[in-house]
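Observations on the three-dimensional arrangement
What follows is the residue order along each chain.
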Amino acid sequence: MDKRDLSSLFRERLKLLLQRSRLNQSAFAANVGLDRSALSQLLSGATTRLPRAETLLNIAAEHKISLDWLLGLSQDEGLTGELRVNMEMEEGLGGNDRALLARWHAEAAGTKIRYVPAGIPDLLRTEALIAYESARSHRNSEIQIDETQSRIDYSRRPETDMEVCMPRHTLEIFARGMGIWAEFPEPDRRAQLAHMAQLLDDLYPSFRLFLYDGRERYSIPYTVFGSMRAAIYVGDMYLVLNATEPVRTLTRHFDTLIRSAQVHAHEAAGFARRLHDQLA
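What this report covers is the structure whose coordinates are included nearby. (Residues numbered from 1 in each chain as written. Predicted model: local features only at pLDDT ≥ 70, side-chain atom pairs only at ≥ 80, totals over all residues. Heavy atoms only, no water.)

**Brief notes about the overall build of the protein chain**
Each helix and strand counted, the protein chain has 12 helices and 8 strands in total. When the 280 residues of the protein chain are sorted by exposure, 48% land in the buried category. Of all intrachain contacts in the protein chain linking residues separated by at least 6 positions in sequence, the fraction that spans at least 24 positions is 71%. Carbon and sulfur atoms provide 50% of the accessible area of the protein chain, an area that totals close to 13,900 Å². (Helix = DSSP H or I, 4+ residues; strand = E, 2+ residues; numbered from the N terminus. Buried < 20%, exposed > 50% of the residue type's maximum accessible area, 1.4 Å probe, protein only. Contact = heavy atoms within 4.5 Å. Areas by Shrake-Rupley, 256 points an atom, 1.4 Å probe, with all protein chains shown as cover.)

**Comments concerning the environment of Met196**
In this fold, Met196 is placed in helix H10 (residues 186–203). Assessed through its relative accessible area of 1%, Met196 is described here as buried. Between the alpha carbons of Met196 and Pro121 there is a distance of 9.5 Å; along the sequence they are 75 residues apart. When neighbours within four sequence positions are excluded, Met196 is seen to be in contact with Ile120, Leu124, Leu171 and Ala272.

**Brief notes about the environment of Ala194**
Looking at where Ala194 falls in the secondary structure, it is placed in helix H10. For Ala194 and Arg274, which are 80 residues apart along the polypeptide, the C-alpha to C-alpha distance reads 9.6 Å.

**With respect to the pattern of salt bridges**
For the structure shown, the criterion picks out 12 salt bridges. The partner of Asp255 in a salt bridge is Arg114, with the nearest N and O atoms 3.7 Å apart. Taken together, the residues Asp255 in helix H11 (residues 244–259) and Arg114 in strand S2 (residues 112–116) connect sequence positions 141 residues apart. With relative accessibility at 27%, the residue Asp255 sits in the partly exposed group. For Arg114, a relative accessible area of 13% puts it in the buried group. (Salt bridge = Lys/Arg side-chain N within 4 Å of Asp/Glu carboxyl O.)

**A few points about unusual backbone geometry**
The omega torsion of the bond from Tyr204 to Pro205 falls at 10°, within 30 degrees of zero and hence cis. Assignment of secondary structure puts Pro205 in the loop between H10 and strand S4 (207–212). If you check the backbone angles, Arg22 has positive phi at about 60° while not being a glycine. Take Arg22: its relative accessible area is 77%, and that puts it in the exposed class. At Lys64, a position not held by glycine, the phi torsion is positive, near 55°. Looking at the secondary structure, you find Lys64 in the loop between helix H4 (53–62) and helix H5 (67–70). Given the relative accessible area of 73%, Lys64 is considered exposed.

**Focus on the nonpolar core**
Core analysis: the biggest nonpolar cluster contains 41 residues, and Trp104, Leu124, Leu171, Leu200, Phe207 and Leu209 have the highest contact counts within it. If sequence neighbours within four positions are ignored, Phe207 has contacts with Leu123, Leu124, Ser155, Met162, Val164 and Leu200. Core analysis: the next-biggest nonpolar cluster, separate from the first, contains 20 residues, Phe10, Leu16, Leu18 and Ala60 among them. (Core = buried A, V, L, I, M, F, W, Y, C linked by side-chain atoms within 4.5 Å.)

**Quick notes on empty space enclosed by the protein**
Within this structure, the stated rule accounts for 1 cavity of 30 Å³ or more. The volume enclosed by the largest cavity comes to roughly 30 Å³. Lining the largest cavity, in full, are Glu12, Arg13, Leu16, Trp69, Thr111, Ser227 and Met228. Among the elements that line the lining of the largest cavity, the one with the most residues is helix H1 (residues 3–21), at 3 residues. Class assignment for the residues of the lining of the largest cavity results in 3 nonpolar, 2 polar and 2 charged. (1 Å grid on protein atoms, 1.4 Å probe; cavity = no way out; pocket = protein on both sides within 12 Å on 5 of 7 lines; lining within 4 Å. Points joined across faces, edges and corners; volume = space filled by probe spheres on them. Nonpolar A, V, L, I, M, F, W, Y, C, P; charged D, E, K, R; others polar.)

**Comments concerning the packing of H10 against helix H12 (residues 265–279)**
At their nearest, the axes of H10 and H12 sit 8 Å apart, and the two run at 160° to each other. It follows from the interaxial angle that H10 and H12 lie roughly antiparallel. Helix-helix and strand crossings are classified by hand; for H10 and H12 the assignment is left-handed. On H12, the residues that touch Glu186, Arg189, Arg190, Leu193, Ala194, Met196, Ala197, Gln198, Leu200 and Asp201 of H10 are Ala268, Ala269, Ala272, Arg273, Leu275, His276 and Leu279. For the contact of H10 with H12, the residue count by class is 10 nonpolar, 2 polar and 5 charged. (Axes fitted to C-alpha atoms, helices over the stretch in contact; angles between N-to-C directions. Parallel < 35°, antiparallel > 145°, perpendicular 65-115°, else oblique. Left-handed = near helix turned anticlockwise from the far one by under 90°.)

Here is the structure:
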């Protein structure tokens with residue numbers, strides 16, 4: 001692994017430990033045998049040097065995590081001396097998807113989450129849209145409504161940092177009532193667009209939506225949970241990638257989608273309102 005990549009992963013995980021500890025930097029540094037100024041340098045990225053081995057071991061012991069995880073060699077905090085399986089399949093049936101996603105979000109708290117949805121992002125959907133789509137997929141709409149509210153509550157937390165990137169034509173097709181939304185009534189579509197615009201305003205900047213041209217770019221639906229894992233959605237299953245390099249590759253792919261966005265996060269609410277107004 002490149003030295004800069006190793007330093008970046010270490011810094012991200014050190015910041016996560018500091019946040020979890022609820023200590024100020026002086027107390028955190030003292031607990032692991034670091035000077036306050038040395039900790040500040042490590043957190044700022046001013047240097048690519050890592051602390052000496054004794055300090056790394058102190059950090060791992062104090063916070064009960066593995067040295068492999070601290071250095072980015074493992075995605076499992078409690079695993080020492082071996083690497084976790086690089087790829088797993090997780091079934092998303094019978095509510096298991098909600099438990100999996102909740103756990104992955106919790107484990108990635110304080111890091112950036114990058115999300116390419118399969119359709120309208122879950123937490124931006126109205127109850128009417130959830131009921132409509134649930135009927136088509138034979139899922140329990142009440143459970144999904146509760147889960148949507150939980151996602152909204154999660155996005156309001158101060159430590160949340162989530163970016164969502166999707167094709168702009170998905171929203172345009174939805175607004176016109178085409179494709180899978182052909183039977184979704186126009187008043188409900190207008191209400192959905194207004195609801196989305198309001199939430200995008202309310203949740204910004206912790207939740208940021210970008211829209212790219214789907215004719216120029218393509219992406220499968222997936223979520224990157226910080227540097228820890230990526231979950232690719234494949235119907236009723238998730239292909240879960242735990243190794244560092246595949247996660248970094250999907251992160252770079254996501255960043256490419258962001259760079260090619262035609263509608264940026266501060267413009268997304270206005271875009272949804274324009275689609276709403278065109279239906280009025």
